[in-house]
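Topology and contacts: notes
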Amino acid sequence: MAGLAGLAGLGLSACGRGFGGGDDEPEGGTVQLNMVWWGDAKRAEKTQAALDIFQRKNPGITVKTEYQDSGPYKDKLATRFAAGDAPDLMAMRMDSVREYADRGALLDLTPHSGAVDLSGLSEGARTLAAVGDKTYGVPAGLNAIGFVINKTLTDKFGVQIPDGNTWSWADLSTFSQAVTKASGKKVYGTHFDAATLANLIVFVRQQGEDFYTADGALGVTEATMVAWFDLFNQMRASGAMPPAGFIEDVGASAAASYLAKGSIASQIIPTNNFLVYKEAAGGNLALLRIPGETQARRRGQSVDCPHLWSVASASKHQAEALKLLNFLVNDIDASKATGTTRGVPASSKIAEELKPSLTPDDQLATDYLIGLQGEKLPRSYTYPPGSSKIQSSLESIATEVEFKRQTPQQAAKAFLDAGRKALGK
Amino acid sequence: MTSGTTTGLPAGVVARDVPAAPRRRAKRRKDRAGYLFLLPWFIGMLFTVIPFFASLYLAFTDYNLLNAPQWIGLGNFREMLDDPLLRQSLKVTFIYTFVSVPLSLVVALGVAMMLNQGIKGLPVYRAVFYLPSLLGGSVAIVLLWKYIFGFDGIVNGFLGWFGIDGPGWTTDPDYALTTLIILHIWTFGSPMVIFLAGLRQIPTMYYEAAAVDGASRWRQFRSITLPLLSPIIFFNLIQSLISSFQTFTQGFIMSGGTGGPADSTIFYNLYLYQQGFSQFHMGYASAMAWVLLVIIAAFTALNFLAAKYWVFYDN
């Protein structure tokens with residue numbers, strides 16, 4: 001019995017930070033909004049600064065915000081919805097938006113253009129959360145993936161960094177082998193995850209294919225999947241990448257990454273994290289484009305967002321939630337407070353206004369993105385429902401290849417079979 | 001445990017001197033106190049009973065957490081027949097259970113017998129060996145193990161002294177489950193403490209008599225220790241089987257919730273959790289929970305049937 005009571009006590013004290021529910025309404029006619037998102041303490045500080053400004057400007061509204069690590073966020077959010085306790089405003093993963101929207105859980109923002117002004121967003125940014133003629137979220141910021149190389153290490157080992165605008169996948173391999181060789185395998189040239197959809201999607205687009213088609217099916221061919229798995233097998237075999245089993249799941253933080261530890265010299269990151277990675281890796285990072293962009297059939301890179309802001313259709317305070325959303329998207333003070341922690345502001349107008357006040361490192365990442373936005377990039381489509389299942393099959397199949405339990409050919413076929421089954425088409 | 005007399009009074013000693021009416025009043029008061037102490041359990045029960053029946057209903061529905069559940073009869077159970085990942089999760093759970101439970105019981109019994117030699121400082125040793133059981137399922141220890149068994153971890157460092165290139169204990173699909181089994185065996189403390197208590201109840205005169213008759217240590221173990229300890233072994237076996245079938249934390253933490261590498265640590269409960277909370281498939285997850293209940297009940301019943309042939313009750 002005592003043991004049970006102890007367990008119950010543990011259970012209670014364990015839910016300090018994650019989000020449990022917004023039940024306590026404050027007194028005095030004010031409206032309390034509940035807003036949930038994921039990120040680290042630094043992002044929390046910046047977000048709170050923006051919310052403080054919002055609450056000063058809107059005395060009738062208080063915002064109760066809850067945040068946690070990105071890993072368990074998805075499960076917690078689902079539980080909140082299941083309990084009938086949906087947050088008013090929430091960070092929404094790109095691969096989850098349709099899981100919620102298709103089931104009527106999110107508010108369509110199209111009829112609310114008076115409350116949330118999306119005219120400052122580029123076509124590409126506005127359509128990121130478009131499903132048919134409805135819009136279920138606004139990008140919390142814009143980012144892309146980029147290749148970062150630790151210059152301290154390349155200088156130390158005397159390896160030349162290739163031209164980041166024109167380099168090919170073969171150049172990446174050559175470069176990485178040189179680092180591994182020069183360091184006597186103390187540092188591997190590169191590592192990035194074969195199972196991260198964002199990485200794979202760029203590669204697929206470079207082959208002239210859409211990973212997801214406009215009607216929500218898998219557009220990637222078996223040949224392209226074989227090529228993707230082959231790329232990793234070759235890089236592991238040549239020493240460009242560390243051997244199978246070397247990389248462990250160390251969580252999402254930059255500080256815990258292998259790049260920060262100095263055991264790899266380069267990796268792919270979301271550009272909005274450039275600053276934290278740079279600090280974590282000792283302050284000397286170069287930002288390159290993904291390899292293969294100039295050799296490919298078409299451009300692979302795209303402008304994405306770390307997450308969307310969505311409003312729950314069940315929210316009791318929709319007007320206030322939309323007001324807060326509009327503040328985050330269109331108020332320069334909000335962007336000044338949050339900086340680029342969630343990427344470059346979605347509104348081009350706000351992004352231009354914000355740029356001069358950014359640090360040089362932030363400006364570098366912002367320029368990278370403004371550059372990309374100015375180019376003609378093929379559109380990508382929202383992740384269809386079932387894509388979280390596709391993500392998990394990709395993870396296990398990529399591991400099968402890594403440990404040579406499946407050939408790239410077998411893996412490509414297995415992945416497409418699993419993917420089609422998950423999407424039901 | 002103290003005897004469960006309802007009056008709580010030592011029967012026939014004090015009670016005889018007390019008149020009947022106050023005795024009943026005293027009994028009622030005692031009962032009330034008893035129920036009062038049970039109250040937290042009753043309240044706790046509500047949190048078990050309601051989800052229990054809710055999940056039984058949900059098992060027959062298509063429920064995506066966001067919309068109202070739709071009755072689909074046996075649809076979920078039919079889907080389970082054709083789910084390769086479900087088969088994989090059963091395989092992982094069965095291997096884990098049938099390897100780690102016997103091994104951990106053998107280790108627990110071995111250590112308990114060692115500690116039963118009348119050594120000095122027994123409470124200290126007992127606590128030290130018991131400690132991992134308290135911590136073994138905890139997040140911190142699993143993370144620590146992840147570090148110890150890391151690619152550059154202590155274990156591979158040790159193997160390196162002998163010129164062995166250790167595998168990725170937690171990242172290689174051929175080794176990840178083994179690592180978790182080792183972790184499980186390490187938490188042999190709670191069956192060990194129970195074994196130790198059982199061993200101390202075996203009267204020493206049996207061993208003395210056997211020694212006089214010239215029985216070897218092994219013979220004594222086979223013919224005295226094992227039969228007299230068999231009810232305890234049986235109890236530990238049932239307990240360990242039930243908890244092992246329900247393993248979740250180790251797989252969840254070690255793989256970051258994915259059941260990886262390559263689904264090699266996808267315990268049944270972990271897959272159930274993924275279905276329910278990541279794939280918006282709560283009806284299916286509920287059906288899985290009930291299938292697990294049936295599996296555990298079947299193995300427990302089987303054990304009770306088999307117990308007739310090997311468990312010896314000395315009364």
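As the structure is a prediction and not an experimental result, all values here were calculated from the model. (Residues numbered from 1 in each chain as written. Chains lettered and ligands numbered in written order. Predicted model: local features only at pLDDT ≥ 70, side-chain atom pairs only at ≥ 80, totals over all residues.)

The subject of this paragraph is the overall build of chain A. Of regular secondary structure, chain A possesses 17 helices and 10 strands. For a compact globule of 425 residues, the expected C-alpha radius of gyration is about 22 Å, and chain A comes in at 22 Å, within 12% of that figure. Considered along the principal axes of its C-alpha atoms, chain A spans approximately 70 × 60 × 50 Å. Taken across its 425 residues, chain A has 45% of its residues classed as buried. Considering only contacts within chain A whose residues lie at least 6 apart along the sequence, 75% involve residues at least 24 apart. (Helix = DSSP H or I, 4+ residues; strand = E, 2+ residues; numbered from the N terminus. Rg over C-alpha atoms; globule rule 2.2 N^0.38 Å. Buried ≥ 20, exposed ≤ 12 C-beta atoms within 10 Å, placed from the backbone. Contact = placed C-beta atoms within 7 Å.)

Each side of the interface is counted separately: chain A has 25 residues, and chain B has 24 residues. Partitioned by chemical class, the residues of the side of chain A that touches chain B number 8 nonpolar, 7 polar and 10 charged. (Nonpolar A, V, L, I, M, F, W, Y, C, P; charged D, E, K, R; others polar.)

Another point: the UniProt feature "transmembrane region" (unreviewed entry) in chain B. Under the present numbering, the feature "transmembrane region" (unreviewed entry) in UniProt falls on residues 33-60, 94-115, 127-148, 175-199, 224-242 and 287-311 of chain B. Secondary structure across residues 94-115 of chain B comprises 100% helix and 0% strand; the distance between its end C-alpha atoms is 31 Å. (UniProt positions renumbered as here; feature names shortened; annotations may be inferred.)

Time to look at helix 12 (residues 268-278) of chain B. Across the 11 residues that make up helix 12 of chain B, a large majority, 11, are buried. Along helix 12 of chain B, the residues classified as buried are Tyr268, Asn269, Leu270, Tyr271, Leu272, Tyr273, Gln274, Gln275, Gly276, Phe277 and Ser278 of chain B.

All names here are of chain B. Their axes nearest at 9 Å, the elements helix 3 (residues 84-115) and helix 10 (residues 217-245) cross at an angle of 145°. For the crossing formed where helix 3 meets helix 10, the hand is right-handed. Each of Thr93, Tyr96, Thr97, Ser100, Val101, Ser104 and Leu105 in helix 3 lies in contact with helix 10, whose residues at this interface are Asn236, Leu237, Ser240, Leu241, Ser244 and Phe245. Partitioned by chemical class, the residues of the contact of helix 3 with helix 10 number 6 nonpolar, 7 polar and no charged. (Axes fitted to C-alpha atoms, helices over the stretch in contact; angles between N-to-C directions. Left-handed = near helix turned anticlockwise from the far one by under 90°.)

This part covers the environment of Asn58 of chain A. Within the secondary structure, Asn58 of chain A is located in the loop between helix 2 (41-57) and strand 2 (61-68). Each C-alpha atom, one on Asn58 of chain A and one on Ala256 of chain A, is 39 Å from the other, the two residues being 198 residues apart in sequence.

It is worth spelling out the domain arrangement of chain B at this point. Taken domain by domain, chain B comprises domain 1 (15-58) and domain 2 (78-310). Averaged C-alpha coordinates put domain 1 of chain B and domain 2 of chain B at centres separated by 35 Å. (Domains from an automatic or database assignment.)

The backbone of Lys185 of chain A shows a phi angle near 65°, a positive value even though the residue is not glycine. Within the fold, Lys185 of chain A resides in the loop between helix 7 (169-182) and helix 8 (197-206). Lys185 of chain A sits in the exposed class, given 11 other C-beta atoms within 10 Å. A positive phi angle, close to 80°, is found at Leu65 of chain B, a residue other than glycine. Structurally, Leu65 of chain B can be placed in the loop between strand 1 (61-62) and strand 2 (70-71). Its 23 C-beta neighbours within 10 Å are what place Leu65 of chain B among the buried residues.

Attention shifts here to the confidence of the model for chain B. All names here are of chain B. Looking at chain B as a whole, the pLDDT averages 85, with 92% of positions reaching at least 70. The low-confidence segment residues 1-15 (pLDDT under 50) makes 8 contacts with residues lying over four places distant or belonging to another chain. Scored by ipTM, the complex comes to 0.77, with pTM at 0.80. (pLDDT = per-residue confidence, 0-100.)

Glancing now at the nonpolar core. Counting 144 residues, the largest nonpolar core has Leu89, Met90, Leu308 and Leu325 of chain A as the members making the most contacts within it. With near-sequence residues (within four places) excluded, Leu308 of chain A lies in contact with Met92, Met94, Val97, Ala129, Gly137, Val138, Pro139 and Ala140 of chain A. If you look at the next biggest cluster of nonpolar residues, it comprises 15 residues, including Ala112, Phe129, Phe188 and Leu229 of chain B. (Core = buried A, V, L, I, M, F, W, Y, C linked by C-beta atoms within 7 Å.)

Moving on: the sheet that holds strand 8 (residues 266-270) of chain A. Backbone-to-backbone hydrogen bonds pair the strands of a sheet. The strands run either parallel or antiparallel. All names here are of chain A. Strand order across the open sheet formed by 3 strands is 8-7-9, with antiparallel pairing between neighbours. One side of each edge strand has no neighbouring strand; the edge strands of this open sheet are strand 8 and strand 9 (285-288). For this sheet the average axis-to-axis angle between neighbouring strands, irrespective of direction, equals 35°. The pairing of strand 7 (residues 145-150) with strand 9 spans 4 bridges and is antiparallel. In the strand pairing of strand 9, Val148 is matched with Leu287. (Pairing = 2+ DSSP bridges.)

On to the environment of Ala112 of chain B. Residue and element names in this part refer to chain B. Topologically, Ala112 is positioned in helix 3. Using a count of 24 C-beta atoms within 10 Å as the deciding quantity, one classes Ala112 as buried. For the pair Ala112 and Leu272, spaced 160 residues apart in sequence, the C-alpha to C-alpha distance is 36 Å. Beyond its immediate sequence surroundings of up to four residues, Ala112 is in contact with Met192, Phe195, Leu196 and Leu199.

Residues and elements named next belong to chain A. With 6 of its 8 residues buried, strand 1 (residues 31-38) lies for the most part within the structure. Sheet topology note: the strand 1/strand 2 ladder contains 8 bridges and is parallel. The partner of Val31 across the bridge, within strand 2, is Ile61. Crossover handedness for the path strand 1 to helix 2 to strand 2: right-handed. Where strand 1 and strand 3 (residues 89-92) come together, 2 bridges link them in parallel fashion. (Right-handed = clockwise from strand over helix to strand, strands pointing away.)

Residues and elements named next belong to chain B. One can describe the packing of helix 10 onto helix 13 (residues 282-310) by two numbers: an axis separation of 10 Å at closest approach and a directional angle of 165°. By the angle between their axes, helix 10 is roughly antiparallel relative to helix 13. Along this stretch, helix 10 crosses helix 13, giving a crossing that reads as right-handed. Contacts from Ser230, Phe234, Leu237, Ile238, Leu241, Ile242 and Phe245 of helix 10 reach helix 13 at Leu292, Ile295, Ile296, Phe299, Thr300, Asn303, Ala307 and Trp310. Of the residues that constitute the contact of helix 10 with helix 13, the class distribution is 12 nonpolar, 3 polar and no charged. (Parallel < 35°, antiparallel > 145°, perpendicular 65-115°, else oblique.)

Moving on, we come to the sheet that holds strand 2 of chain A. All names here are of chain A. Pairing in this open sheet of 5 strands is mixed, and the strands run 2-1-3-10-6 from one edge to the other. What marks the edges here is a single partner per strand, and that holds for strand 2 and strand 6 (138-139). Each of strand 1, strand 2, strand 3, strand 6 and strand 10 (308-311) touches helix 12 (residues 318-330); the most contacted strand, strand 10, lies at about 165° to it.

Further remarks concern the domain arrangement of chain A. Residues and elements named next belong to chain A. The domain architecture assigned to chain A consists of domain 1 (27-141 + 306-359) and domain 2 (145-301 + 386-423). Between the C-alpha centres of domain 1 and domain 2 there is a distance of 30 Å. Looking at the side of domain 1 that touches domain 2 residue by residue, the classes come out as 1 nonpolar, 7 polar and 4 charged.

This part takes up helix 16 (residues 387-402) of chain A. Helical geometry note: an α-helix holds 3.6 residues per turn, so side chains three or four residues apart project in the same direction. Residues and elements named next belong to chain A. In this model, helix 16 (16 residues) spans 22 Å end to end at C-alpha, consistent with the 22 Å of a helix rising 1.5 Å per residue. The element helix 16 is extensively covered by neighbouring structure, given that 14 of its 16 residues are classed as buried. Trailing helix 16 by a residue or two, Lys404 shows a phi angle of about 60°, which is positive. (Expected span 1.5 Å × (residues − 1).)

Further remarks concern the confidence of the model for chain A. Residue and element names in this part refer to chain A. Per-residue pLDDT for chain A has a mean of 87; in total, 92% of the residues score no lower than 70. Mean pLDDT in chain A bottoms out at helix 1 (residues 2-14), which sits at 35, and peaks at helix 9 (residues 222-238), which reaches 96. Within the model, the stretch residues 1-26 combines pLDDT values under 50 with 16 contacts to residues more than four positions away or in other chains.

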